[in-house]
Amino acid sequence: MKSLTKELWMEIPTRRAIVSIHREVERLVVESGVQEGLCLVSPMHITASVFVNDNESGLHHDYELLLEKLAPFNASSEVYHHNRTGEDNADAHLKRQLMGREVTLAITAGKLHLGPWEHLFYYEFDGRRRKRILVKIIGE
Amino acid sequence: MKSLTKELWMEIPTRRAIVSIHREVERLVVESGVQEGLCLVSPMHITASVFVNDNESGLHHDYELLLEKLAPFNASSEVYHHNRTGEDNADAHLKRQLMGREVTLAITAGKLHLGPWEHLFYYEFDGRRRKRILVKIIGE
Amino acid sequence: MKSLTKELWMEIPTRRAIVSIHREVERLVVESGVQEGLCLVSPMHITASVFVNDNESGLHHDYELLLEKLAPFNASSEVYHHNRTGEDNADAHLKRQLMGREVTLAITAGKLHLGPWEHLFYYEFDGRRRKRILVKIIGE
């Protein structure tokens with residue numbers, strides 16, 4: 001069995017953003033030498049998501065509106081008890097759960113096995129600091 | 001290490017539907033010969049989900065209502081910017097994220113290792129065309 | 001390839017609760033002897049979630065409120081068709097989908113490879129009976 005482990009560092013200058021990590025993960029799959037296997041891509045933080053969807057800015061705007069509607073930002077510690085810790089990012093923990101934590105991708109014949117429109121993104125819900133994404137590849 | 005890779009073709013005649021893929025994936029696990037391993041089942045499209053829940057039509061109706069409440073269909077490109085691309089399926093991309101993308105299942109002693117009510121489904125949010133589901137099995 | 005398979009039994013005395021399973025899964029990773037691999041943690045029931053987020057009680061309160069807002073409890077079989085089966089737990093099936101089913105974790109150098117705040121939980125949405133969680137570890 002072969003494996004590759006890599007932590008990707010991100011520093012998003014805004015509170016929220018959607019950033020492609022597609023090419024970097026494709027490159028790591030090649031570097032791993034794995035022909036048949038699985039590739040786990042997961043944020044190492046609890047206010048961020050890794051997801052697969054369309055590389056289309058209008059849709060990313062629509063995700064922003066959806067998540068703000070379902071789990072709106074509110075710094076109040078009355079609205080969100082998590083903010084009693086002194087933080088104001090309770091909404092970021094909620095949004096990340098609705099969007100999902102990690103994705104597991106297949107590797108076939110040495111490449112990510114994806115449909116034509118599947119594109120891999122990091123979704124930051126509480127940025128302006130250095131955070132990591134974990135890529136773990138196993139197979140042979 | 002053994003592996004099996006299979007693309008299942010679907011063509012759902014309606015816009016939305018929930019379809020069991022349980023027996024087919026069970027069959028592929030046997031075909032793989034894997035005794036201990038993992039089975040990833042994932043749509044290859046970004047307006048569909050694979051999920052595990054109850055094989056009960058009332059519940060499937062309830063999922064429809066929930067997702068339509070949280071992320072309603074609307075063809076307008078004012079409501080959903082994704083529809084400025086000329087498509088009308090922004091809601092399908094949103095519903096799929098809320099429902100989840102893929103599932104990873106355990107294989108133990110040559111079979112899917114599931115609880116008594118766990119049943120595997122494909123959820124189509126924008127059908128009426130041919131689409132694929134990827135099954136990737138690794139183990140030994 | 002090495003593997004470890006373990007079913008953890010839970011019996012939550014209340015309808016809903018969030019319970020840490022972090023230490024137990026860490027212990028199983030050591031017991032498996034796997035140095036590089038993947039660890040799938042998944043409920044074997046369809047009214048429960050396994051998730052990773054903050055070990056902070058205020059946030060857990062906020063998840064309760066969020067899920068009750070999006071998919072409220074209602075025993076009526078008019079509101080939820082699933083309840084026509086004689087059950088009253090349709091909301092539990094909906095909440096579990098929004099929160100997610102399973103998590104896949106990386107194992108590196110013989111340990112769970114997690115960020116500093118990542119903590120593993122079981123979320124029960126319909127307790128007061130014995131239920132199981134599956135831990136499946138593969139690697140070498």
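Heads up: these notes are all about the structure in this document. (Residues numbered from 1 in each chain as written. Chains lettered and ligands numbered in written order. Predicted model: local features only at pLDDT ≥ 70, side-chain atom pairs only at ≥ 80, totals over all residues. Heavy atoms only, no water.)

## So, the overall build of chain A
Okay, step 1: A tally of helices and strands in chain A yields three helices and eight strands.
Okay, step 2: Mapped in sequence order, the helices and strands of chain A form the string β-β-α-β-β-α-α-β-β-β-β.
Okay, step 3: The proportion of buried residues among the 140 residues of chain A is 63%.
Okay, step 4: Considering only intrachain contacts with a sequence separation of at least 6, the fraction spanning at least 24 residues in chain A is 82%.
Okay, step 5: Counting only carbon and sulfur atoms, one obtains 51% of the accessible surface of chain A, whose full area is about 5100 Å². (Helix = DSSP H or I, 4+ residues; strand = E, 2+ residues; numbered from the N terminus. Buried < 20%, exposed > 50% of the residue type's maximum accessible area, 1.4 Å probe, protein only. Contact = heavy atoms within 4.5 Å. Areas by Shrake-Rupley, 256 points an atom, 1.4 Å probe, with all protein chains shown as cover.)

## Section: the relation of the copies chain B and chain C
Okay, step 1: Least-squares fitting of chain B to chain C yields an RMSD of 0.0 Å, with the transformation described by 0.0 Å of translation along the axis and a rotation of 120 degrees. Taken together, these values place the two copies in the relation of a three-fold axis. Minimal C-alpha separation from the rotation axis in chain B is found for Leu98(B), amounting to 3.4 Å. (Least-squares fit on C-alpha atoms with pLDDT ≥ 70 in both.)

## Some details on the packing of helix α2 (residues 57–70) of chain B against helix α3 (residues 90–99) of chain B
Residue and element names in this part refer to chain B.
Okay, step 1: Where α2 contacts α3, the axes come no closer than 10 Å and their chain directions differ by 120 degrees. Looking at the two axes, α2 sits oblique to α3. Relative to α3, α2 is oriented so that their crossing is right-handed. For the pair α2 and α3, the contacting residues are Tyr63, Leu67, Glu68 and Leu70 in the first and Lys95, Leu98 and Met99 in the second.
Okay, step 2: Among the residues forming the contact of α2 with α3, the class breakdown is five nonpolar, no polar and two charged. (Axes fitted to C-alpha atoms, helices over the stretch in contact; angles between N-to-C directions. Parallel < 35°, antiparallel > 145°, perpendicular 65-115°, else oblique. Left-handed = near helix turned anticlockwise from the far one by under 90°. Nonpolar A, V, L, I, M, F, W, Y, C, P; charged D, E, K, R; others polar.)

## Quick notes on the interface of chain B and chain C
Okay, step 1: Each partner contributes to the interface: chain B provides 34 residues, whereas chain C provides 32 residues.
Okay, step 2: Counting the surface lost from both chain B and chain C, the interface buries some 2600 Å², and carbon and sulfur atoms represent 60% of this.
Okay, step 3: When residues of chain B are sorted by the area they lose upon contact with chain C, Leu38(B), Asp62(B) and His113(B) head the list and together hold 18% of the total.
Okay, step 4: Inspection of the region where chain B meets chain C yields two salt bridges.
Okay, step 5: Measuring nitrogen to oxygen at the nearest pair gives 2.9 Å for the salt bridge that ties Glu118(B) to Arg101(C).
Okay, step 6: The interface formed by chain B and chain C holds 18 residue pairs in polar contact (both at pLDDT 80 or more) in total.
Okay, step 7: Looking at the side of chain B that touches chain C, the elements that each hand over two or more residues are β3 (37–43), β4 (48–53), α2, α3, β5 (103–108) and β8 (130–139) of chain B.
Okay, step 8: Of the residues forming the side of chain B that touches chain C, the biggest block, eight residues, is contributed by α2(B).
Okay, step 9: Broken down by class, the residue content of the side of chain B that touches chain C amounts to 17 nonpolar, nine polar and eight charged. (Buried area = accessible area lost by both parts, 1.4 Å probe. Salt bridge = Lys/Arg side-chain N within 4 Å of Asp/Glu carboxyl O. Polar contact = N/O pair within 3.5 Å; in protein donor to acceptor, adjacent residues only side chain to side chain.)

## Here's the deal with the sheet that holds strand β1 (residues 2–11) of chain A
Residue and element names in this part refer to chain A.
Okay, step 1: Ordered by their spatial adjacency, five strands build an open sheet running β1-β8-β3-β5-β6, and the pairing between neighbours is antiparallel. Looking along the sheet, the strands with just one partner apiece sit at the ends: β1 and β6 (111–112).
Okay, step 2: Inspection of the sheet shows strand β3 (residues 37–43) paired to strand β8 (residues 130–139) by seven bridges, in the antiparallel sense. In the sheet register, proline 43 faces β8, and the bridge partner there is isoleucine 133.
Okay, step 3: In this fold helix α1 (residues 22–32) packs onto β1, β3, β5 (103–108), β6 and β8, with an angle of close to 155 degrees to the strand it touches most, β1. (Pairing = 2+ DSSP bridges.)

## Some words on empty space enclosed by the protein
Okay, step 1: One pass over the structure, following the stated rule, counts three cavities of 30 Å³ or more.
Okay, step 2: Considering the residues around the largest cavity, the lining is formed by 31 residues, among which Gly100(A), Gly100(B), Arg101(B), Gly100(C) and Arg101(C) are closest to the centre.
Okay, step 3: Secondary structure elements with two or more residues in the lining of the largest cavity: β4 (48–53) and α3 (90–99) of chain A, β4 and α3 of chain B together with β4 (48–53) and α3 (90–99) of chain C.
Okay, step 4: With four residues, the top contributor of residues to the lining of the largest cavity is α3(B).
Okay, step 5: Grouping the amino acids of the lining of the largest cavity by side-chain chemistry returns 18 nonpolar, six polar and seven charged. (1 Å grid on protein atoms, 1.4 Å probe; cavity = no way out; pocket = protein on both sides within 12 Å on 5 of 7 lines; lining within 4 Å. Points joined across faces, edges and corners; volume = space filled by probe spheres on them.)

## Let's talk about the interface of chain A and chain C
Okay, step 1: Taken residue by residue, the interface counts 32 residues in chain A and 34 residues in chain C.
Okay, step 2: A buried area of about 2600 Å², summed over both sides, lies between chain A and chain C, and 60% of it is on carbon and sulfur atoms.
Okay, step 3: The largest per-residue losses of area from chain A upon contact with chain C belong to Met1(A), Ile46(A) and Gln97(A), which jointly make up 22% of the total buried on that side.
Okay, step 4: The interface formed by chain A and chain C holds 18 residue pairs in polar contact (both at pLDDT 80 or more) in total.

## Details of the nonpolar core
Okay, step 1: Grouped together as the largest cluster of nonpolar side chains are 49 residues, with contacts concentrated most on Leu98(A), Tyr123(A), Leu98(B) and Leu98(C).
Okay, step 2: Discounting residues that sit within four places of it in the chain, Tyr123(A) has contacts with Ala17(A), Ile18(A), Ala48(A), Ser49(A), Phe51(A), Tyr63(A), Glu64(A), Leu67(A) and Met99(A).
Okay, step 3: In this structure, Val25(A), Ile107(A), Leu120(A) and Tyr122(A) belong to the second largest nonpolar core, which totals 26 residues. (Core = buried A, V, L, I, M, F, W, Y, C linked by side-chain atoms within 4.5 Å.)

## A few points about the pairing of β8(B)
All names here are of chain B.
Okay, step 1: Judged by how many residues are buried, β8 sits mostly within the fold: nine of ten residues are covered.
Okay, step 2: When strand β1 (residues 2–11) meets β8, the two strands line up antiparallel, connected through ten bridges. Each bridged residue has a counterpart across the sheet, and for threonine 5 the counterpart in β8 is lysine 136.

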